[in-house]
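Descriptive analysis of the structure
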Amino acid sequence: MTERTLAIRVGSGLDDLRFGMDEAQVRPELAVYGNVENASAPGGALSLRTQGLDDSFSIYAVFNAEGLLSSLEVWRPDDVSLIDVDFHGIPMFATPADKVLARLAELGHRFDLEDQWHPLLPEASIGLDREGGDDCDDDGPARYFQSIFLAPHGYYSRPLAAG
């Protein structure tokens, strides 16, 4: 049994971290998961990183130009019994990636699988990462998702070509 499970809230965030929050609101929510550090690149938008519970686990929070939370990326801990991410009742880090994708397809989700290492759920604004990891399957991608990227609704929308 996992000690702590974070729930994906499609299009709005993760647990109590909600897109549109400002830095002062996000910092205490991130602090629940460990130490909060500034992860901004020089000249880039504000980014915060938290690390704790398990040294391999972290959450990145990226802010837009207005200083509001615009995306999150959650990294898989080495010990998924400490913390995991739930989506439709599926433990996203503890369940093999192929099984996650099969279950989500059963639930009606559509995928962009153009990049086998980075499957996307465009309608849910979720990006999944199978790159790296200690346990790659026969084709090269990691057996388990290494991170989950979350953004507000419409993040992966592409404008229609003029016709």
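Cut-offs applied
- Residues numbered from 1 in each chain as written.
- Predicted model: local features only at pLDDT ≥ 70, side-chain atom pairs only at ≥ 80, totals over all residues.
- Heavy atoms only, no water.
- Helix = DSSP H or I, 4+ residues; strand = E, 2+ residues; numbered from the N terminus.
- Buried < 20%, exposed > 50% of the residue type's maximum accessible area, 1.4 Å probe, protein only.
- Contact = heavy atoms within 4.5 Å.
- Core = buried A, V, L, I, M, F, W, Y, C linked by side-chain atoms within 4.5 Å.
- Patch = residues over 30% accessible without salt bridge, like charges linked within 9 Å, V, L, I, M, F, W, Y side chains within 5 Å.
- Areas by Shrake-Rupley, 256 points an atom, 1.4 Å probe, with all protein chains shown as cover.
- Salt bridge = Lys/Arg side-chain N within 4 Å of Asp/Glu carboxyl O.
- Lys, Arg positive; Asp, Glu negative; His and termini not counted.
- Charge placed at Lys NZ, Arg CZ, Asp CG, Glu CD.
- Pairing = 2+ DSSP bridges.
- Phe/Tyr/Trp six-rings, centres within 6.5 Å; stacked < 30°, edge-to-face > 60°.

1. Some words on the overall build of the protein chain
The number of helices and strands found in the protein chain is 2 helices and 12 strands. Counting from the amino terminus, helix and strand elements in the protein chain follow one another as β-β-β-α-β-β-β-β-β-β-α-β-β-β. Buried positions account for 40% of the 163 residues belonging to the protein chain. Relative to all contacts within the protein chain whose residues are 6 or more apart in sequence, the contacts with residues 24 or more apart total 43%.

2. A few points about the nonpolar core
Among the nonpolar cores identified, the biggest contains 35 residues, and Leu14, Val26, Ile59, Leu72, Val85, Ile126 and Ile148 are the most heavily contacted of them. At the level of elements, β1 (4-9), α1 (23-31), β6 (54-63), β7 (69-75), β8 (83-87), α2 (97-106), β11 (126-129) and β12 (147-150) are the ones that each hand at least two residues to this core. The residues contacting Leu72, other than those within four sequence positions of it, are Gly13, Leu14, Leu17, Phe19, Ile59, Tyr60, Ala61, Ile148, Phe149 and Leu150.

3. Focus on the environment of Glu29
Looking at the secondary structure, you find Glu29 in helix α1. Accessibility expressed as a relative area gives 25% for Glu29, which makes it partly exposed. With 13 residues separating them along the chain, Glu29 and Asp16 place their C-alpha atoms 6.8 Å apart. Among residues more than four places away in sequence, those in contact with Glu29 are Asp16, Leu17 and Met21.

4. Points about a negative patch on the surface
Negative charge collects at one region of the surface, where Glu3, Asp55, Asp78 and Asp79 lie side by side. Here Asp55 shows up in strand β6.

5. Brief notes about the sheet that holds strand β3 (residues 17-18)
Pairing in this open sheet of 5 strands is mixed, and the strands run β3-β2-β1-β8-β9 from one edge to the other. Among the strands making up the open sheet, the edge pair consists of β3 and β9 (90-91).

6. Structural notes on the pairing of β1
Note on strand geometry: in a regular strand, side chains alternate between the two faces of the sheet. Pairing of β1 with β8 involves 4 bridges; the strand directions are parallel. The partner of Arg4 across the bridge, within β8, is Ile83. Where β1 lies against strand β2 (residues 13-14), 2 bridges are found, and the strand directions are antiparallel. Following the sheet pairing, Ile8 is matched in β2 by Leu14. In sequence, β1 turns back onto β2 through a hairpin of 3 residues, with Gly11 there showing a positive phi of about 75 degrees.

7. Overview of the packing of aromatic side chains
Considering all chains together, one arrives at 3 aromatic pairs under this definition. Between Phe149 and Tyr155 the ring centres are 5.2 Å apart and the planes differ by 55 degrees, which places this aromatic pair in the tilted class. Phe149 sits in the buried class, given a relative accessible area of 16%. We classify Tyr155 as partly exposed; its relative accessible area is 45%. Clustering of aromatic rings is evident, with ring pairs tying together Phe149, Tyr155 and Tyr156.

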